[in-house]
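One-letter residues, chain by chain:
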Amino acid sequence: MRNRLTAFVVALLLLPPLAVSLSGQEWDAPAPIAGAVWLPALGSTLAVLAFGILLDTLTFHRTGHSLLRSQRSYLLWSGAAGAVACLLLAYLNLFAGAWFTPAASGTQALLLAALCGTALLPAVSVTRLWLAGLPGLVRLSTRRLALPALPAEAAAITLSLAAMTGLLGGTIWIEQLSWLFWLSPLLLLAALQLLWHENTVFSGLAQGDWSRVLLGTVSGIVVGGIALATYRLSGGAIYLAADTWQLIAGLAVFGLLCLQIGDIVAENWRGKKRADVFRKKPFPIPVVTKKDQ
């Protein structure tokens, strides 16, 4: 888990500035806009937390299962992972300029994103669990069109090349490749999962199971929409360089990214670690030998 996340973080941190350096372009930090900084972000974070607690309570009353009650440590680690993930996305935005806030500096913008991320990723996990309890929605997304699956190694190479193209080329030609630029973190993380012989959020597509993709995208749209709406209602100012459909698509991809990160964090709560699988086991049948008389 640590190696995958380290490779993921290092790639996102190094590739965009490398692209700027190789292209000879000058980097210009996004200009701040007028408005309050911390209070709207805090209000939005609290609103997302309240929404997550509400859905977790509803899920507990309906199914008897609650992440907040039974997997509290997992949610705490998910919050930390969400803070890092949103900080990295805000870092990428320094090169893409997809949104502008009143943050006076890049450091302040990163801290604001990290604050919001502590609530966003756990809320996406809770929302996905609540949606999974809706029988009609689950039936709608299973036993559908099965997509042909590439061998894991070939798929990992393809996804890695696409992610590197997005992070390098998208930094230089952001107007033409913005869609691939923002898709790159998810593609890169999926490629790393395949290289480590782990599942991805897309693994079920080969069997016609679209439930994780559908529930992940809907969760990202719902949670991200609530966060954005409450941020604006709290007096926050934000300029989005995207139309409505682009924003919805971006929130959907964010939901899938949160779901994939949540799966990686959950590995510590899923029984044996990968190293234990290859550990030498004793022979299952005891062998008794007679001593020579």
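It should be emphasised that the depicted structure is a prediction, and the values quoted were computed from it without experimental measurement. Residue numbering note: each chain is counted from 1, following its sequence as written. Owing to the predicted nature of the model, reporting of local features is limited to residues with pLDDT of at least 70; listing and counting of side-chain atom pairs is limited to 80 or more, with chain, interface and lining totals taken over all residues. Side-chain metrics rest on all non-hydrogen atoms present in the structure, leaving aside hydrogens and water.

Asks: Just checking my understanding: could you explain the overall build of the protein chain for this structure?
Replies: Numbering of helices and strands runs from the N terminus; a helix is a DSSP stretch of H or I covering at least four residues, while a strand is a stretch of E covering at least two. In terms of regular secondary structure, the protein chain is built from 11 helices and two strands. The helix and strand sequence of the protein chain, counted from the amino end, reads α-α-α-α-β-α-α-α-α-α-β-α-α. For the protein chain, buried positions account for 41% of its 293 residues. Contacts are assigned to residue pairs that have any heavy atoms within 4.5 Å of one another. In the protein chain, the share of contacts with a sequence separation of at least 24, taken over all contacts with a separation of at least 6, comes to 82%. Areas reported here follow the Shrake-Rupley algorithm with a probe of radius 1.4 Å; residue values treat only the protein chains shown as occluding. By element, 67% of the accessible surface of the protein chain is carried by carbon and sulfur atoms, the whole surface being about 16300 Å². Three labels apply to residues, based on accessible area from a 1.4 Å probe with only protein chains included: buried if under 20% of the type maximum, exposed if over 50%, partly exposed otherwise in between.

Asks: How do you make sense of the packing of helix α8 (residues 174-195) against helix α10 (residues 244-265) when you look at a structure like this?
Replies: Each pair of packed helices can be described by the angle between their axes along with the distance between the axes. Orientation is described by axes fitted as lines to C-alpha atoms, over the contacting stretch for helices, and by angles from 0 to 180 degrees between their N-to-C directions. Direction vectors running N to C along α8 and α10 enclose 30°, while the axes themselves pass 10 Å from each other. Put simply, α8 runs roughly parallel to α10. Taken as a pair, α8 and α10 cross one another with a handedness that is left-handed. Contacts between α8 and α10 involve W182, L183, P185, L186, L189 and Q193 from the former and V253, L256, L257, Q260, I261 and I264 from the latter. Each residue gets one of three labels, nonpolar for Ala, Val, Leu, Ile, Met, Phe, Trp, Tyr, Cys and Pro, charged for Asp, Glu, Lys and Arg, and polar for the others, Gly among them. Of the residues contributing to the contact of α8 with α10, the split by class is 10 nonpolar, two polar and no charged. Orientation is classified from the angle alone, with under 35 degrees giving roughly parallel, over 145 giving roughly antiparallel, 65 to 115 giving roughly perpendicular, and any other angle giving oblique. Rotating anticlockwise by less than a right angle from the far helix to the near helix defines a left-handed crossing, while the corresponding clockwise rotation defines a right-handed one.

Asks: What is the right way to look at a nonpolar patch on the surface in this model?
Replies: Like-charged residues within 9 Å of one another, or nonpolar side chains (Val, Leu, Ile, Met, Phe, Trp, Tyr) within 5 Å, are grouped into patches, provided each residue has over 30% relative accessible area and no salt bridge. Salt bridge, as applied in this entry: a Lys or Arg side-chain nitrogen positioned within 4 Å of an Asp or Glu carboxyl oxygen. On the surface, L39, L42, L46 and L49 cluster together into a nonpolar patch covering about 390 Å² of accessible area. Here L42 lies in helix α2 (residues 38-63).

Asks: Help me understand the pattern of salt bridges in this model?
Replies: Two side chains carrying opposite charge are able to pair once their charged atoms lie near each other. Applying the stated criterion to the full structure yields three salt bridges. Of the charged contacts in the structure, one is a salt bridge between R4 and E267, with a shortest N-O distance of 2.8 Å. One end of the pair, R4, is in helix α1 (residues 2-23); the other, E267, is in the loop between α10 and α11 (274-277), and 263 residues separate them in sequence. The buried category is assigned to E267, whose relative accessible area is 17%.

Asks: Please explain α2 as it appears in this structure.
Replies: Since the α-helix advances by 3.6 residues per turn, residues separated by three or four positions end up pointing in the same direction. Any helix carries an expected span of 1.5 Å times its number of residues minus one. For α2, built from 26 residues, the straight-helix expectation of 38 Å at 1.5 Å per residue is met to within 8% by its first-to-last C-alpha distance of 37 Å. When α2 is considered as a whole, its buried residues turn out to be P40, A41, S44, T45, V48, F51, G52, L55, D56 and T59. Looking at the buried residues of α2, the elements they touch are α3 (67-70), α5 (106-132) and α9 (211-233). Directly beyond the C-terminal end of α2, a positive phi value near 80° is found at G64.

Asks: Can you help me understand α8 in this one?
Replies: At S184, α8 is bent by approximately 45°, the largest bend along its length, and proline P185 sits one to four residues beyond. With its phi angle positive at about 60°, H197 sits one or two positions after the end of α8. For a residue, the bend is simply the angle between two axes, fitted respectively to the seven-residue segment ending there and the seven-residue segment starting there.

Asks: Help me out: how do you make sense of unusual backbone geometry in this one?
Replies: With the exception of glycine, most residues fall at negative phi, and the peptide bonds are largely trans. Phi is positive for H197, which is not a glycine, with a value near 60°. Inspection of the secondary structure puts H197 in the loop between α8 and α9.

Asks: How should the side chain of S66 be read in this particular structure?
Replies: Locating S66 in the fold gives a position in the loop between α2 and α3. Look at S66 and you get buried, because its relative accessible area is 2%. Two N or O atoms form a polar contact when they lie within 3.5 Å of each other; inside protein one atom must be a possible hydrogen donor and the other a possible acceptor, and for residues adjacent in sequence the pair counts only when both atoms belong to side chains. Side chain to side chain, S66 and D56 meet in a polar contact 2.5 Å long. At 3.3 Å, the side chain of S66 forms a polar contact with the backbone nitrogen of L68. Those residues in contact with S66 that lie beyond four places of it in its chain are D56, F60 and Q71.

Asks: Is there a simple way to explain the environment of G220 in this structure?
Replies: Mapped onto the elements, G220 comes out in helix α9. In this structure the C-alpha to C-alpha distance between G220 and E26, which are 194 residues apart in sequence, comes to 34 Å. Filtering out sequence-adjacent residues up to four positions away, G220 remains in contact with V124, G225, L251 and G255.

Asks: Would you mind showing me how to read the packing of aromatic side chains here?
Replies: Both the distance between ring centres and the angle between the ring planes are used here to describe each pair of aromatic rings. To pair, rings of Phe, Tyr and Trp, with the six-membered ring standing in for Trp, must have centres within 6.5 Å; the planes then decide the type, stacked if under 30 degrees apart, edge-to-face if over 60, and tilted in the middle. Under the counting rule described, the total for this entry stands at five aromatic pairs. When the centroid spacing of 5.3 Å and the interplanar angle of 75° are considered together, the rings of Y91 and F95 count as edge-to-face. One end of the pair, Y91, and the other, F95, are both in helix α4 (residues 72-96), four residues apart, so they sit about a helical turn from each other. Both residues of the pair, Y91 and F95, count as buried. In this structure an aromatic cluster arises from ring pairing among W27, Y91 and F95. Two limits define a charge over a ring: the Lys NZ or Arg CZ must be within 6 Å of the ring centre, and within 35 degrees of the ring normal. Above the plane of the ring of F60 lies R69, whose end atom (NZ or CZ) is 4.2 Å from the centre.

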